[in-house]
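Listed below are the residues making up each chain.
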Amino acid sequence: NVQCVILQYGGNSVPYLRTEESQIKFCENMQKQIRYFQQIAPGTRILFIGPSDMSTIVGGRRATYPQLPNFVKLLEKYITEAGAAFWNMYEAMGGEGSMVQWVASRPQLAGEDYVHFTHKGAEKISDLLYETIDNYYKYYKFRNGELELPLPSDSLNADSITVADTLLVNN
């Protein structure tokens, strides 16, 4: 009676997926995995977590693996085409160059290998994932009339409330 499957692949493969052809092949295999889960557990929701930023030496300095941004875009395309949700961990971290920032941050959020999170970094990224899921859940409840969000009266003028009401009624 599985209701949700969470998958996370891609990170350890990034250094070896240097060509678009190899990236597409990887993405096609991930589509097959998702379709397999859909076949054995119809109706189960699937969340696919994309790879984090990671860096290597490029031109004598630390930088995001050159193939990573394209690979993340391809993964998102193939995963969503298969009917699964895609969470872009790369963008959640801050996108290109963010791993260098995570290593340099204090407390340090990623290890000196510029690939893996520290304990604090794992906590931070899991908090970001939780916040994303929680926000979408609240939005779902709001759209279905199950959740009322109070409008802060002191920070909005009458025009902005009218615009907000119009947007909510028309969407």
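Refer to the structure printed above.
Residues numbered from 1 in each chain as written. Predicted model: local features only at pLDDT ≥ 70, side-chain atom pairs only at ≥ 80, totals over all residues. Heavy atoms only, no water.

### Focus: the overall build of the chain
How we decide: Strands here mean DSSP runs of E at least two residues long; helices mean DSSP runs of H or I at least four residues long; both are numbered from the N terminus. The buried label applies to any residue whose accessible area, calculated with a 1.4 Å probe on protein chains only, is under 20% of its type's maximum; exposed applies above 50%, and partly exposed to all values in between. Between two residues, a contact is recorded if the distance between any of their heavy atoms is within 4.5 Å. Computed with a 1.4 Å probe, the accessible areas rest on the Shrake-Rupley method; for each residue, only the protein chains presented here act as cover.
A tally of helices and strands in the chain yields six helices and five strands. Scanning the chain from its N terminus toward the C terminus, one meets helices and strands in the order β-α-β-β-β-α-β-α-α-α-α. Relative to its 171 residues, the chain shows a buried fraction of 32%. Contacts in the chain between residues at least 24 apart in sequence constitute 61% of all its contacts with a sequence separation of at least 6. For the chain, the exposed surface amounts to about 11000 Å²; the carbon and sulfur share of it is 53%.

### Regarding the packing of helix α1 (residues 20-40) against helix α2 (residues 68-81)
Test applied: Axis definition: a line fitted to C-alpha atoms, limited for helices to the stretch in contact. Angles are taken between N-to-C directions and run from 0 to 180 degrees. For classification purposes, angles smaller than 35 degrees are called roughly parallel, those larger than 145 roughly antiparallel, those between 65 and 115 roughly perpendicular, and all remaining angles oblique. By definition, any crossing whose near helix is turned counterclockwise from its far helix by less than a right angle is left-handed, and any crossing with a clockwise turn is right-handed. Charged residues are taken to be Asp, Glu, Lys and Arg, nonpolar residues to be Ala, Val, Leu, Ile, Met, Phe, Trp, Tyr, Cys and Pro, and polar residues to be all remaining types, Gly included.
The geometry of α1 relative to α2 is characterised by a closest axis approach of 9 Å and an angle of 30° between their N-to-C directions. Relative to α2, α1 is oriented roughly parallel. In terms of crossing hand, the pair formed by α1 and α2 is right-handed. Mapping the contact onto sequence places E20, Q23, I24, F26, C27, E28, M30, Q31, I34 and R35 in α1 and N70, F71, L74, L75, Y78, I79 and E81 in α2. Taken together, the residues of the contact of α1 with α2 break down into ten nonpolar, three polar and four charged.

### Quick look at unusual backbone geometry
Only a minority of non-glycine residues have a phi that is not negative, and only a minority of peptide bonds are not trans. Note that the residue after R106, namely P107, is joined by a cis bond; omega there is 5°. Its place among the elements puts P107 in the loop between α4 (98-104) and α5 (119-143).

### Looking at the side chain of S98
How we decide: Definition of a polar contact: a pair of N or O atoms within 3.5 Å, with one able to donate and the other able to accept a hydrogen when the atoms are protein atoms, and with sequence-neighbouring residues admitted only if both atoms are side-chain atoms.
Relative to the helices and strands, S98 resides in helix α4. By relative accessible area, S98 is classed as buried at 0%. At 2.7 Å, the side chain of S98 and the backbone oxygen of G95 are in polar contact. Residues within four places of S98 in sequence aside, it is in contact with D53, Y90 and M93.

### Notes on the packing of aromatic side chains
To keep it simple, the criterion reads: Stacked, tilted and edge-to-face are the three classes assigned to paired rings of Phe, Tyr and Trp, where Trp is represented by its six-membered ring and a pair needs centres within 6.5 Å; plane angles under 30 degrees give stacked, over 60 edge-to-face, the rest tilted. In this scheme, Lys NZ or Arg CZ marks a charge over a ring once it lies within 6 Å of the ring centre and within 35 degrees of the ring normal.
Taken as a whole and assessed by the stated rule, the structure comprises five aromatic pairs. For the pair F48 and F86, a centre-to-centre distance of 6.1 Å together with 15° between the ring planes defines the contact as stacked. In this pair, F48 sits in strand β2 (residues 45-49) while F86 sits in strand β5 (residues 85-87), placing the two residues 38 residues apart along the sequence. The same class applies to F48 and to F86, which are both buried. Each member of the aromatic cluster is reached from another via a ring pair, and the members are Y9, F48 and F86. Across from the ring centre of Y78, 4.7 Å away, lies the NZ or CZ of K77, which sits over that ring.

### Some points on the sheet that holds β2
We apply this condition: In this description, strands pair whenever DSSP reports at least two bridges between them.
The strand order across the open sheet formed by three strands is β1-β2-β5, and the pairing between neighbours is parallel. Because the sheet does not close on itself, it has two edges, and the strands there are β1 (4-8) and β5. When strand polarity is set aside, the average angle formed by the axes of neighbouring strands in this sheet is 20°. Two strands pair when backbone bridges link them, and β1 and β2 are joined in this way by five bridges, in the parallel orientation.

### A short note on the pairing of strand β3 (residues 55-58)
Note: β3 against strand β4 (residues 61-64), four bridges, orientation antiparallel. In the strand pairing of β4, T56 is matched with A63. Where β3 folds back on β4, the antiparallel hairpin that results is connected by two residues, among which G59 adopts a positive phi of roughly 60°.

### Considerations on α2
In plain terms, the rule: One less than the residue count of a helix, multiplied by 1.5 Å, gives the span that helix is expected to have. To be clear, the arc concerns the directions from the helix axis to the C-beta atoms.
Helix length check: α2 (14 residues) gives 20 Å between terminal C-alpha atoms against 20 Å at 1.5 Å per residue, within 8%. Looking at α2, one finds that the buried residues are L68, F71, V72, L74, L75, Y78 and I79. Here the buried residues of α2 occupy an arc of 165° about the axis, which is enough to place them on one side. Residues of α2 that are buried make contact with α1, β2, β4, β5 and α3 (89-93).

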